[in-house]
Amino acid sequence: AIYVTAIFPYLVLTIFLIHGLSLPGATDGLAYLFTPNLSSLKNPRIWLDAATQIFFSLSLGFGGLIAFSSYNPPKNDCEKDAVTVAIVNSMTSLYASIPVFSVLGFKATTAYWDCLDRNIISIINEFDLPEESIMRQNYTAWISFLNSSHPEKIAGLKLKSCDLQEFLDQSVSGTGLAFIIFTQAIVLMPGSQAWAILFFIMLFSLGLSSMFGNIEGVFTPLLELRIISKSIPKELLSGIICLICFLVALCFTLGSGSYWIDIFDRYAGSLPLLVIAFFEVIGVAYVYKIKRFNKDVKWMTGRKPNLYWQITWRFISPLLLLIVFVAFVTLQIQKSPSYAAWNPKYVCFPMKEEKVYPPWVLAICVLLAVLPCVFVPLVALFHLIKRMRRSKDPSFVPPEVFSCQGPNS
């Protein structure tokens, strides 16, 4: 199943790449993709979104990678696997962005041309000019001429401002990219029905392959920690987990579903991952101790982790995670959480209206952010109390004593 769900999206992306590059406006979309907007780097939300994207694409903090790796042989080269996964993930993201933005460039160019055509028709009708006297190519020259000769008439027409850059900016809108913006672009493509079927089968495959890892991240600990008896059939346990996920996900099918997706994405799928990953790094580097971890890796791979790994594990990774977390919390304190709403009565419709979340939704947001994180200190406290009780037991022998005894003890 993994071979099918993992390879099929690459095939579809390649087909979209070949077709997308042949569409008008593809070069504008690619130029928009590879032209950095340095001013956006000052926004902490951008960094949180970038961190969240890496967590999602690498499946970090979900437990899926740890669950999968638990089935590896003890002498597996885990360093090679980690580097391979990271490189393949980054190259895939770059490869996928090219067909996506070539199609988005086509959509933006089509919308730009439609805007120009509407303005041209209005001008031709107003000034009774011959058809095709004003073309897209000479539109700017005509506007400059008419603005200087008949400014009152031009002002009375209330022409739309046609800027390709604005249409490109509208093309990127978070979770709506796949289900709204990209699908609108597919509708404009020749043979749109076939492209739509192909695109949504690809999304379905991607969703399935992602859920394999997520379900495994829940499934494996339940069995390994003996929370659930191993006598229960694995198929039944998988079915129960999927059923619970299905019931929770029903809220996304409501009329307000897109807003709930945004809430879960922003608060349940971003901030908790940062906190969980931070405690994972701290737990390995400073609680389990980095020297012990290095010995484990050397025993597995036959070589000690180099200086790069040492510095990132001890300092860079926890520091970056902490900085992004503090920046996000600071940003939330300074500004009330808000969302972009589709409101036909809004003055600037079809642009989205910015609204503040009501108090009951804010309570849900806090719950979604806190609930996954609170188990880290709770479980730590549970084990601390358990260890203290065992240490008071006269029959308790610390693990260090066994490590000092001989093999026959």
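Residues numbered from 1 in each chain as written. Predicted model: local features only at pLDDT ≥ 70, side-chain atom pairs only at ≥ 80, totals over all residues. Heavy atoms only, no water.

Here the focus is the UniProt feature "binding site: Na(+)" (unreviewed entry) in the protein. Per the UniProt record, the feature "binding site: Na(+)" (unreviewed entry) sits at Ser57, Asn89, Leu206 and Ser210. Of the residues just listed, which span 154 residues, no C-alpha pair is farther apart than 13.5 Å, and they cluster in one region. One can find serine 57 in helix 3 (residues 44-58). A relative accessible area of 30% places serine 57 in the partly exposed class. Within the structure, serine 57 has its side chain in polar contact with the backbone oxygen of isoleucine 54 (distance 3.2 Å). (UniProt positions renumbered as here; feature names shortened; annotations may be inferred. Helix = DSSP H or I, 4+ residues; strand = E, 2+ residues; numbered from the N terminus. Buried < 20%, exposed > 50% of the residue type's maximum accessible area, 1.4 Å probe, protein only. Polar contact = N/O pair within 3.5 Å; in protein donor to acceptor, adjacent residues only side chain to side chain.)

Right, let's get into empty space enclosed by the protein. Enumeration according to the criterion identifies one cavity of 30 Å³ or more in this entry. Of the voids in this model, the largest cavity is the one considered here, and its volume is about 30 Å³. What lines the largest cavity is simply Leu13, Phe16, Pro99, Val100, Phe182, Phe199 and Met202. Put simply, the parts of the chain that give the lining of the largest cavity at least two residues each are helix 1 (2-20), helix 5 (78-127) and helix 10 (192-224). When grouped by side-chain class, the residues that make up the lining of the largest cavity number seven nonpolar, no polar and no charged. (1 Å grid on protein atoms, 1.4 Å probe; cavity = no way out; pocket = protein on both sides within 12 Å on 5 of 7 lines; lining within 4 Å. Points joined across faces, edges and corners; volume = space filled by probe spheres on them. Nonpolar A, V, L, I, M, F, W, Y, C, P; charged D, E, K, R; others polar.)

Entries for the protein in the domain assignment read domain 1 (1-253) and domain 2 (257-391). Its C-alpha centre places domain 1 at a distance of 24 Å from the equivalent point of domain 2. On the side of domain 2, 27 residues touch domain 1, which itself brings 25 residues to the contact. Counting the surface lost from both domain 1 and domain 2, the interface buries some 2400 Å², and carbon and sulfur atoms represent 71% of this. Where domain 1 packs against domain 2, one counts two salt bridges. Across the contact surface, domain 1 and domain 2 share four residue pairs in polar contact (both at pLDDT 80 or more). (Domains from an automatic or database assignment. Contact = heavy atoms within 4.5 Å. Buried area = accessible area lost by both parts, 1.4 Å probe. Salt bridge = Lys/Arg side-chain N within 4 Å of Asp/Glu carboxyl O.)

A surface patch of like charges, here positive, comprises Lys291, Lys295, Lys298, Lys304 and Arg314. Ranked by the residues each element gives to the positive patch, the list is headed by helix 14 (residues 290-301), at three residues. Considering the arrangement of structural elements, one finds lysine 304 in the loop between helix 14 and helix 15 (307-334). (Patch = residues over 30% accessible without salt bridge, like charges linked within 9 Å, V, L, I, M, F, W, Y side chains within 5 Å. Areas by Shrake-Rupley, 256 points an atom, 1.4 Å probe, with all protein chains shown as cover. Lys, Arg positive; Asp, Glu negative; His and termini not counted. Charge placed at Lys NZ, Arg CZ, Asp CG, Glu CD.)

For the rest of this paragraph, the subject is the pattern of salt bridges. Enumeration over the complete set of coordinates arrives at four salt bridges. Connected via shared salt-bridge partners are Asp77, Glu79 and Arg303.

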